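# Structural description and commentary
Here's the letter readout for the chains.
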Amino acid sequence: MESNVMKALRACPLFAGMSDIEIEITLGNVPHQLVSLPPHDVYALAGMPCRSVDIIVSGVLICRMAALSGKQVEVSRLRSGNLVAPAFIFSKDRSLPVSVETDGRVELFRMKPDSLKSLIDNDDAIRMNFIRILSNIDVFLTQKMKILSLFTVREKVAYLLLERAGEQGSNEIHLERSRQEIADSFGIQKFSLLRVLSDLEKEGAIEIKGKIIKILNRRGLAG
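The following paragraphs examine the structure supplied in this document. (Residues numbered from 1 in each chain as written. Predicted model: local features only at pLDDT ≥ 70, side-chain atom pairs only at ≥ 80, totals over all residues. Heavy atoms only, no water.)

Looking now at the overall build of the protein. Within the protein one finds 8 helices and 8 strands. Viewed in the frame of its principal axes, the protein has a C-alpha envelope of about 60 × 35 × 30 Å. Looking at the 223 residues of the protein, the share that counts as buried comes to 38%. Of the contacts formed within the protein by residues at least 6 apart in sequence, a portion of 67% connects residues at least 24 apart. Approximately 12500 Å² of the protein is accessible, and the part contributed by carbon and sulfur atoms is 54%. Looking at charge distribution, the protein has the averaged site of its 30 positive side-chain charges lying 5 Å from that of its 27 negative ones. (Helix = DSSP H or I, 4+ residues; strand = E, 2+ residues; numbered from the N terminus. Buried < 20%, exposed > 50% of the residue type's maximum accessible area, 1.4 Å probe, protein only. Contact = heavy atoms within 4.5 Å. Areas by Shrake-Rupley, 256 points an atom, 1.4 Å probe, with all protein chains shown as cover. Lys, Arg positive; Asp, Glu negative; His and termini not counted. Charge placed at Lys NZ, Arg CZ, Asp CG, Glu CD.)

Printed below as a string of structure tokens:
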């Protein structure tokens, strides 16, 4: 198995705790293929069924949901090692709630749902890992609902900055989305977002240079 493919599979939560050899042996008799998608290609449109089990080997998939205004709101970005739409693989209604497109060239490790079911039925580690993946999705959605419904605008912005800092492993954050896209994802007005960012900068909690925001005082984010 190619090194880049193995690196992605090793990073996939489905194979957590498994060595390279264990992964290769496990997948040795499982039908699979590598699928390459060009830049800015449509992986799926909202409402289309989830028909395959895809793990991202390289590249980025952008998931967008249509807002009530008709605008497309970015809800997540999937990278190497991510399993695409795991909660919909075996659901009664497999219709995806988001549209997904490539950001640059994307390579996927693809299996059929029946192949994943066979792995889950016959491998205790993979079965537990898949249960954990679904559980983590539930925790994520619960937290997301809490943020959207209970957090103030300032708390939403602070959460975003701290989350990105954790993901990027630095207090200097590189934002991938525009201010409008960030505001839309939180269900707030762009003006409110800009006002909070301005207030945080005036208070010395952050430093803003375009799409780069540096956290100077983590405690100061909460106000």
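Now for the pairing of strand E8 (residues 212–215). For a regular strand, side chains alternate in direction, first toward one face of the sheet and then toward the other. Here E8 shows one buried face, formed by Ile213 and Ile215, and one open face, formed by Ile212 and Lys214. Note that strand E7 (residues 206–209) and E8 share 4 bridges and pair antiparallel. Counterpart to Ile208 in the pairing with E8 is Ile213. A loop of 2 residues connects E7 with E8, the two strands running antiparallel in sequence, and Gly210 in this loop sits at a positive phi of about 65 degrees. (Pairing = 2+ DSSP bridges.)

Turning to the pattern of salt bridges, a few remarks are in order. Taken as a whole, this structure holds 12 salt bridges when the rule is applied. Note that Asp124 and Arg127 form a salt bridge whose closest N and O atoms lie 2.2 Å from each other. Here the residue Asp124 and the residue Arg127 both occupy positions in helix H4 (residues 124–150), the gap between them amounting to 3 residues, near one helical turn. For Asp124, a relative accessible area of 56% puts it in the exposed group. You can call Arg127 partly exposed: its relative accessible area is 29%. A salt bridge links Arg154 to Glu203; its shortest N-O distance comes to 2.8 Å. Here Glu203 lies in the loop between helix H7 (190–202) and E7 and Arg154 lies in helix H5 (residues 153–168), a separation of 49 residues in the sequence. Residue classification places Glu203 among the partly exposed residues on the basis of a relative accessible area of 49%. Put simply, Glu74, Arg77, Arg79, Asp103 and Glu176 are held in one network by salt bridges that share partners. (Salt bridge = Lys/Arg side-chain N within 4 Å of Asp/Glu carboxyl O.)

Take H4 next. Taking 1.5 Å as the rise per residue, H4 with 27 residues should run 39 Å; its terminal C-alpha atoms sit 39 Å apart, in good agreement. Taken residue by residue, H4 has Ile126, Asn129, Phe130, Ile133 and Ile147 as its buried positions. Its side-chain oxygen placed 3.0 Å from the backbone nitrogen of Ala125, Asp123 serves as the N-cap of H4. (Expected span 1.5 Å × (residues − 1). Polar contact = N/O pair within 3.5 Å; in protein donor to acceptor, adjacent residues only side chain to side chain.)

With that settled, consider empty space enclosed by the protein. A water-sized probe rolled over the atoms picks out the places where empty space is left. All told, the structure shown has 1 cavity of 30 Å³ or more when counted by the stated rule. The computed volume of the largest cavity comes to approximately 30 Å³. Around the largest cavity, the lining residues are Val157, Leu160, Leu161, Leu175, Ile182, Leu193, Leu197 and Ile213. Listing elements by their share of the lining of the largest cavity, those giving two or more residues are H5 and H7. Among the elements that make up the lining of the largest cavity, the one with the highest residue count is H5 (3 residues). Split by residue class, the lining of the largest cavity holds 8 nonpolar, no polar and no charged. (1 Å grid on protein atoms, 1.4 Å probe; cavity = no way out; pocket = protein on both sides within 12 Å on 5 of 7 lines; lining within 4 Å. Points joined across faces, edges and corners; volume = space filled by probe spheres on them. Nonpolar A, V, L, I, M, F, W, Y, C, P; charged D, E, K, R; others polar.)

None of this, on its own, says anything about what the molecule does.
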